[in-house]
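So the chains spell out like this:
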Amino acid sequence: VSLWGGGAVAVLDAEKLTVLKMIKTGDHPNKMIVSADRLYVADANTDEVTVIDINDDSVVETISVKPWPDAPNGSTPNGLALAPDGKTLYVANATNNCVAVFDVATPGPSKLAGYIPSGWYPTAVTLDERSNQLFIANGKGVISKANPDGPSPTDNRSRKESQYIGMLLWGTVSALKAPDSVELDKYTKQVRKNNFWNERTKTQQSDSQPHAVPRNVGDPGLIKHVVYIIKENRTYDQVFGALPQGNGDSSLVLFGRDVTPNHHKLAEQFTLFDNFYVDAEVSADGHEWSMGAIATDFVEKTWPSVYSGRGKGYPAEGSYEIAFPSVGYLWDMAARHGLSYRSYAEFVGAPADTNEPAFAKVENLKGHFDPRFRPWDMDYMDVWRANQFIRELRQFEQSGDLPNLIIMRLPNDHTYGTKAGKRTPRAMVADNDLALGRVIDALSHSRFWKEMAVFVLEDDAQNGPDHVDAHRSILLVASPYVKRGHVDHNMYDTVSVLKTMELMLGLPPMSQFDAAAFPLIPAFTDEPDFTPYEHLPNSHPLDEFNDKFAYGADLYAQMDFSDEDEAPEQALNIVLWKSIKGADSPMPRINNLRYRQLF
């Protein structure tokens, strides 16, 4: 029995069901397959296949499935198949979107024969002996999609599917003949191209001249302090859809300039990014991607059941050790490389009593977080969080020792929907906007501004529509070295931001994804403009509350907002749309019978 969270295979007495012994494997052992006297075990979190001699239960080989010898982790092997003769091993590498083929004909070091391209996130592979046909199960299907009619559907238009992101990723099965050597060579070239593995060798030439974004890890830089702010769940079109200089759809705007004046001013004063995408679908994998440049197989395979209401237990953000990437998170990298760091609410918990201090959920944040900065609690205003951070910033001004890396969470743009007695969605987003503006205002007026870069993104984009893609979201960057009044149409994603911060701080990549990511170099200049940011006051009232007659208030009364995404996102988005756009506003059809009945 492979122990997914135990890093071992348990050998059982099949009759007595007692454990006879434990065989150590890599991290996250999952799929197993046996051939003759060998047992193959896929280790998803360490990119290995453990080979065990079942005669004496000894480990005889560890096969690396990494695409190059010193590659960071990020292949996620989680499916295995053997040719009938036992000479060829097929390994489904979920996060490389391929099947790796190994020659295991003779004992000793197995040889990589090549790769077969698959769909998105392959979770299983099998070989039919009679037809020599390979079948590959692709957990997320083939492609990401736009969701202009979601995720707040309605019943007055004909639609075949809901456009909530969790329902857009339909799994597929690839079927193909097991390739011969000529075909495998062709497939291998395609996989390398798909994953940009060939581009990896085209390293930038080291430069002794300091840059705002160094070209290689260890090159001299102009930035000494990075501030990383994570918000909750908004798409690009929801906030910036009406900006004419960007690729937006104004009909999808819910929180425009009247609600988010600071978001708009920051995008216009610095750089507007209209081609930025989060790497996650929901908050569970969103905070993992945002902090670790990958979501482990545990997170990817458990969040769908949790978010569909068929499972319980939020699977991320320090809740379970099995969720942790093998090399850890951004603060772990900072700790290993001697950088100072501090978290404000990220991977931090707190008692219900707001007078009680918060606590770190993971080991390397102990002593490196602000216990007075309130983590997830939507009854606690973001402007109060901003006040607490600014109070500490003043202390850092006096001591002169601002951490190299600051990670901050401002979560209230998630909103309570129209739950009676709670602040309205617009009031909560306006609160979030004012808090963000005040934080960047304070940072830009500090003594550290001349060597600082601030990055702001959403952990995921599940709570809104977007006419380009359901993953397209908000990215803001503020620094003396960010281009002013600029629009950057280059495609970036979450790991692009991580890659940029890592280069600034001299940190190596955490996974294959930030290793291969395209950093935000085009948005930066080496000629600074030290003009500080002056925040705008809120233009929408922060003390606007839902009454019991608000649209959907009766449904919201039944929802659980005690933790991220415990409330059903589909219903949350429906009410959010109609509470702002009007009860009779047209929205796409709802597939789920339960929600059709409610609305």
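Residues numbered from 1 in each chain as written. Predicted model: local features only at pLDDT ≥ 70, side-chain atom pairs only at ≥ 80, totals over all residues. Heavy atoms only, no water.

### Notes on the pattern of salt bridges
Then, in step 1: As enumerated under the stated definition, the model contains 19 salt bridges in all.
Then, in step 2: Between aspartate 237 and arginine 472 there is a salt bridge; the shortest N-O distance is 3.1 Å. In this pair, aspartate 237 sits in helix H2 (residues 236-240) while arginine 472 sits in the loop between strand S22 (452-458) and strand S23 (475-478), placing the two residues 235 residues apart along the sequence. Grouping residues by exposure puts aspartate 237 and arginine 472 together as buried.
Then, in step 3: A single salt-bridge network, built from bridges that share partners, covers Lys140, Glu281 and Glu300. (Salt bridge = Lys/Arg side-chain N within 4 Å of Asp/Glu carboxyl O. Helix = DSSP H or I, 4+ residues; strand = E, 2+ residues; numbered from the N terminus. Buried < 20%, exposed > 50% of the residue type's maximum accessible area, 1.4 Å probe, protein only.)

### As for the packing of aromatic side chains
Then, in step 1: All chains considered together, the criterion is met by 16 aromatic pairs.
Then, in step 2: Judged by centre distance (5.8 Å) and plane angle (75 degrees), the rings of phenylalanine 324 and tyrosine 329 are edge-to-face.
Then, in step 3: With a relative accessible area of 23%, phenylalanine 324 lands in the partly exposed category.
Then, in step 4: Here the aromatic cluster, defined as three or more aromatic residues joined through ring pairs, consists of Phe324, Tyr329, Trp331 and Phe347.
Then, in step 5: A cation over an aromatic ring shows up here: lysine 265 above the ring of tyrosine 533, its NZ or CZ 5.0 Å from the ring centre.
Then, in step 6: A cation over an aromatic ring shows up here: lysine 450 above the ring of phenylalanine 530, its NZ or CZ 5.5 Å from the ring centre. (Phe/Tyr/Trp six-rings, centres within 6.5 Å; stacked < 30°, edge-to-face > 60°. Lys NZ or Arg CZ within 6 Å of the ring centre and 35° of its normal.)

### So, helix H4 (residues 283-292)
Then, in step 1: Across the ten residues that make up H4, a large majority, ten, are buried.
Then, in step 2: When we look at burial in H4, the residues that qualify are Ser283, Ala284, Asp285, Gly286, His287, Glu288, Trp289, Ser290, Met291 and Gly292.

### Points about the nonpolar core
Within soluble globular proteins, side chains that are nonpolar generally end up buried alongside one another.
Then, in step 1: Counting residues in hydrophobic clusters, the biggest one holds 114 residues, and the most contacted among them are Tyr228, Phe389, Val454, Phe455 and Phe524.
Then, in step 2: Element by element, the count of residues in this core is highest for helix H8 (residues 425-444), at nine residues.
Then, in step 3: The residues touching phenylalanine 389, leaving out its near neighbours within four places in the chain, are Tyr344, Phe373, Ile406, Met408, Val439 and Leu443.
Then, in step 4: If you look at the next biggest cluster of nonpolar residues, it comprises 19 residues, including Val65, Leu82, Ala100 and Tyr115. (Core = buried A, V, L, I, M, F, W, Y, C linked by side-chain atoms within 4.5 Å. Contact = heavy atoms within 4.5 Å.)

### Some thoughts on the sheet that holds S22
What holds strands together in a sheet is hydrogen bonding between their backbones, with the strands either parallel or antiparallel.
Then, in step 1: The mixed open sheet is built from five strands, whose spatial order is S18-S21-S15-S22-S23. Each edge of the open sheet is held by one strand with a lone partner, namely strand S18 (341-344) and S23. Direction aside, the axes of adjacent strands within the sheet are offset by 10 degrees on average.
Then, in step 2: The pairing of strand S15 (residues 225-231) with strand S21 (residues 405-409) spans five bridges and is classified as parallel. Looking at the pairing, valine 227 lines up with isoleucine 406 of S21. (Pairing = 2+ DSSP bridges. Axes fitted to C-alpha atoms, helices over the stretch in contact; angles between N-to-C directions.)

### Examining the packing of H4 against helix H5 (residues 297-307)
Then, in step 1: At a minimum axis distance of 9 Å, the contact between H4 and H5 shows a crossing angle of 150 degrees. Of the possible angle classes, the one that applies to H4 and H5 is roughly antiparallel. Between H4 and H5, the contacting residues are Ser283, Ala284, Asp285, Glu288 and Trp289 on the first element and Val299, Glu300, Trp303 and Tyr307 on the second.
Then, in step 2: Considering only residue class, the contact of H4 with H5 consists of five nonpolar, one polar and three charged. (Parallel < 35°, antiparallel > 145°, perpendicular 65-115°, else oblique. Nonpolar A, V, L, I, M, F, W, Y, C, P; charged D, E, K, R; others polar.)

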